[in-house]
Amino acid sequence: MQNKSKKQIGKEIILTDEVTKSFGKFQALRGITSKIYEKEVVVIFGPSGSGKSTFIRTINRLEPHDSGQIIVDGIELNDDVKNLQHVRSIVGMVFQQFNLFPHLSVLRNITIAPQKVKGLKRTEAEEIAMNLLQRVGIPEQANKFPSQLSGGQQQRLAIARALAMEPKIMLFDEPTSALDPEMIKEVLDVMTELAESGMTMICVTHEMGFAKEVADRFLFFDEGLIVEEGTGDQIFSNPKEERTKLFLSQIL
Amino acid sequence: MSNNSIKWFFGTFFGSVFNSIVTVLSALIFLFLINNIIGFISTAEWEVVTVNRRLLLIGRMPAEHEWRIWSILWITSFLIFSSINSWGSPSKRNLLFISFITLIICLIFTTSSTILYVVISLVICIVSYTVSYFIYKSSYQKYSQNSLKTLWILLLPIIFTLLLIGDGPSPNLWGGFLLNIILASIAISFGFPVGIMFALGRASSLPAIKIICTVYIETIRGAPLVAWLLLAWFVLPKFLPTFWGLNEISVVIRAMIILSAFTSAYTAEVIRGGLQSIPKGQIEAADSLNLNYRTKISLIILPQAIRVVIPALISTFIGVFKDTSLVFILALTDLLQVGRIIPEQDPEFFGKALEALCIVAFLFWIVSISLSNLSTKVEKSLGIGSR
Amino acid sequence: MNLFVNKLYIWSRSQKNRNLFIQFIFIIFVSFFIYYLISKALLLDMTLSHFDSRAGFGISHTFVIDYTSNDSRWVSYFTGVINTIRVCIVAIFFATLLGTIMGVARLSKNILFSTISYLYVEILRNTPLLIQIIFWQIIFLKLPRISEALTFGNTVVISNRGILLPSASPSDNGNIWITIIIITVILSLIVSYIINKKEDLEGKSIKLFNFKFNGNLLSILLFLTITITTYFILQKPFNLDLPSLYQNNKGTFLQSGGFEFTPEFGAILFALVMYTGTFITEIVRGSIQSLSKGQTEAAQALGLSDYQTMTLIVLPQALRSIIPPLTNQYLNLTKNSSLSVVIAYPELFMISRTIMNNAGRALPVFFLILITYLLLSLVISIFMNVINRRVTRIGT
């Protein structure tokens, strides 16, 4: 954990204040208050149904929150359309099911948003795309289609697609849960490189080994609340709450 | 070796009591049908068809306008035969089928006065077929495919220009097989995009739009097509604005309007099924990339939705083509009407109703079967339906 | 002014407000359109009052209602509706039967059988229904003339005026017998339910001569025994009405008696059955094929017999995917019955057209037609929905 001290954590970039969210009668989030800082890597873990995915999906408003405040990069996230567009342009997301566009080529998956949203020329967009493919390690796949790639390659493509919009924050919703074990490492390697390059990341994951290496802070979710938070040292060596101890004993 | 085949024969056909009964019954049905069909063909007199060829195919179009029809035929056959080879050569079986159909169509068209034109058409077919084969193998494949696509889109306007240019015959004179094809083409060309719009409207989350689109779709699907056509006959003129002489538009145009509306409702239903089958994650990914509504729908959602339902779409289009025979209720003389009227009114052909009906059925059947074969080919090349 | 623009700008940035605005604009456009339509419609006579007046035309098929041309147009319309219902119910029944047989045939290993099915579907599906109706009409008209009509020993009369089949009208005893049948059906259902429940709970079954009688079999036997014995006891509960052919004093051939199966009814019936049957064939075939092979394999690995596999595993699952498209076909069939206008079978559409030709005012009549067809569709949909729910419950 020593390399963490080299990184400069920046100013606050995400603030959530008593955020709640219900699905019908089920309350997924019961009041989440937390702050995320620039360049910080935050890992969210906890039992299933604890609200982890719901929480990060409220940050780019794939799920609108019911009450409370969410402020991203100084912009409040609410019904306002312009605010939403701004937030979505600085937040990128990687899904558990990849959600790649099957009818577009690998290259086109990456270039479609920069071209259509940012108005880049095709040559510019393709240059960016090729650089990103290089960065995630699959430059030779540029003209294939997503269905022709392996699971690990697809998820790396999904990361490249999100990075093409030059986000300030990257959200990862259980990125490796749908992968075969031998492909998890390649995706985690890309995420590690991303973290070391200074991206603000919020990851929901079960990969504790990776998390311990890379995360600056951990948030333990249970039943819609943040039960405990702290650095890797604090959480794993000295968990304060009973529930944290219980969960850790089950997964480690 | 023959022992095995005998065993197989008995096993398949007489394996059990039930099986044997079925075999016997089927054989009887087969023999009965074949007997009747052969009896019919041998005693049939086909003059009713050969003499009235022109009427059957193009209705009462005056002779001086025939050149339009020939030009349309040439352009269409050029397009068809070039397209066959431009996206991969057809299988032997399909090739046989196509040649067979072409031969029969040539026989139908050939009379002493038209033999020259038929020969020209055949030449065009063969030339475009071979030339496109070579282009497909060469590096100009992409160009030819793109230009063919554009030509197909322009085909309908071209046909209309050819028909109407220079004081062409009024639409009321269009008839026969030509009428069916034109009606179907218009209905599909207009009905398809309108259907997409209504499908999107019905899938919308905005209640006002959703309700209105649903009402439109369900109302049109609620009544039979003949009822809607009858409405066009009696009522539509009264509802059209009186300026531009719009309320006196010809019956053919009215039929086109109704058929297009009808097609749009059924197309909307099919596409709605496709839209429902798209995983929610696609929309979420598009949203998180901040794609706007237009881009999301046109580049991400619709291509996937339509691709999934192409078989059902083509099936709907085949249905539209068959439904064009219903315009008899507007006193339009389409192919079926001509085939019915000739034996009834021309004393020379009394009692030859079956022969005429046969040819009519055959023409409809050819188009439908070709379209459904096309659908299978498209399904295979897109890999749908095979999991 | 600036303040107002500012407020407007802020208001427009809310997604909810944008949604409302879009719907608002949409509703305005649609309202204009509807207003235009209604203003034009009001220029027409929109009432159905002309339906109360005398119809003035004859109808060739009357059923249940004794219609004369002096009756009101409402009566004529209802006669048409009854004719529609008549042809639709019979056609739906036979089309389903034919479609199911052909669907199973398509998958049969018997090449002869499956080829018939293949040819049937490929030829009749791609030919317009209208052509098929006219075809059957021509066929019926090719039947022998009345003077040379086929009679099989005084049981039927087949001519180009139609087919007369023997029919039966119940006498007083007959009505009693019908009541007994209804009671027996209910009784048998109860018996079968009880026996099946007992078998389920206690695992016992009634055995006779080493042959297991299951509940269904027993109740069928019960039903047959009671109905047949009471039939003989009651002595002729039905008056048989045999069709006969005779010449009146002018030498013209007349036929009477029996149940009349006219060429028109026959044509539309055969055409609808054959045409819709092709679609049902494809539905049944697709449904059975899409059932993964693993199901039958698992069932057989568990030792279930062929019959059990079919009734407990294959059919319930296949039925689930058959019923929605089947309902669609039934609705199509109902709407297609309107094509009988081409051969003058007087179902509701043809009669409406006659009324429109006689008395104009097409728009209100059209609304009547629309509502009638919607009602018919609704009835069929609800009925099939009930079946659907029963089938997808699968909790036996």
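Our focus in this paragraph is the overall build of chain C. The helix and strand inventory of chain C stands at 12 helices and 10 strands. Looking at chain C as a whole, 38% of its 396 residues qualify as buried.

One recurring pattern in soluble globular proteins is that nonpolar side chains are buried together. Core analysis: the largest hydrophobic core is formed by 139 residues, its most contacted members being Leu-163, Trp-174, Trp-228 and Ile-329 of chain B together with Phe-349 of chain C. With 12 residues, the top contributor of residues to this core is helix α12 (residues 362-393) of chain C. In contact with Leu-163 of chain B, other than residues within four places in its own chain, are Met-61, Arg-68, Ile-69, Ile-72, Gly-168, Pro-169, Trp-174, Leu-178 and Ile-182 of chain B. Grouped together as the second largest cluster of nonpolar side chains are 48 residues, Ala-142, Leu-163, Leu-179 and Val-227 of chain A included.

Residues and elements named next belong to chain A. Spatially, the 6 strands line up as an open sheet ordered β6-β7-β8-β3-β9-β10, and their pairing is mixed. If you trace the sheet from one side to the other, it starts and ends with β6 (91-94) and β10 (225-230), each paired once. Taking the axes of each pair of neighbouring strands and ignoring which way they run, one obtains an average angle of 20 degrees across the sheet. Bridge analysis of strand β7 (residues 169-173) against strand β8 (residues 200-204) gives 5 bridges, and the strand direction is parallel. If you follow Met-170 over to β8, its bridge partner there is Met-201. In the packing of helix α2 (residues 81-90) onto the sheet, the strands contacted are β6 and β7, and the crossing angle to β6 comes to about 60 degrees.

How big an interface is tends to be reported as the loss of accessible area on association of its parts. In terms of domains, chain C is made up of domain 1 (2-43), domain 2 (52-160 + 260-393) and domain 3 (174-233). One C-alpha centre belongs to domain 1 of chain C, the other to domain 2 of chain C, and the line joining them spans 46 Å.

Turning our attention to the pattern of salt bridges. Overall, the coordinates contain 21 salt bridges over all chains when judged by the stated rule. Between Glu-284 of chain B and Arg-57 of chain A there is a salt bridge, with its nearest N and O atoms 2.8 Å apart. One end of the pair, Glu-284 of chain B, is in helix α14 (residues 280-288); the other, Arg-57 of chain A, is in helix α1 (residues 52-59), on a second chain. By relative accessible area, which is 13% here, Arg-57 of chain A ends up buried. Connected through shared salt-bridge partners, Arg-57 and Glu-63 of chain A together with Lys-280 and Glu-284 of chain B make up one network.

Rules of the game
Residues numbered from 1 in each chain as written. Chains lettered and ligands numbered in written order. Predicted model: local features only at pLDDT ≥ 70, side-chain atom pairs only at ≥ 80, totals over all residues. Heavy atoms only, no water. Helix = DSSP H or I, 4+ residues; strand = E, 2+ residues; numbered from the N terminus. Buried < 20%, exposed > 50% of the residue type's maximum accessible area, 1.4 Å probe, protein only. Core = buried A, V, L, I, M, F, W, Y, C linked by side-chain atoms within 4.5 Å. Contact = heavy atoms within 4.5 Å. Pairing = 2+ DSSP bridges. Axes fitted to C-alpha atoms, helices over the stretch in contact; angles between N-to-C directions. Domains from an automatic or database assignment. Salt bridge = Lys/Arg side-chain N within 4 Å of Asp/Glu carboxyl O.

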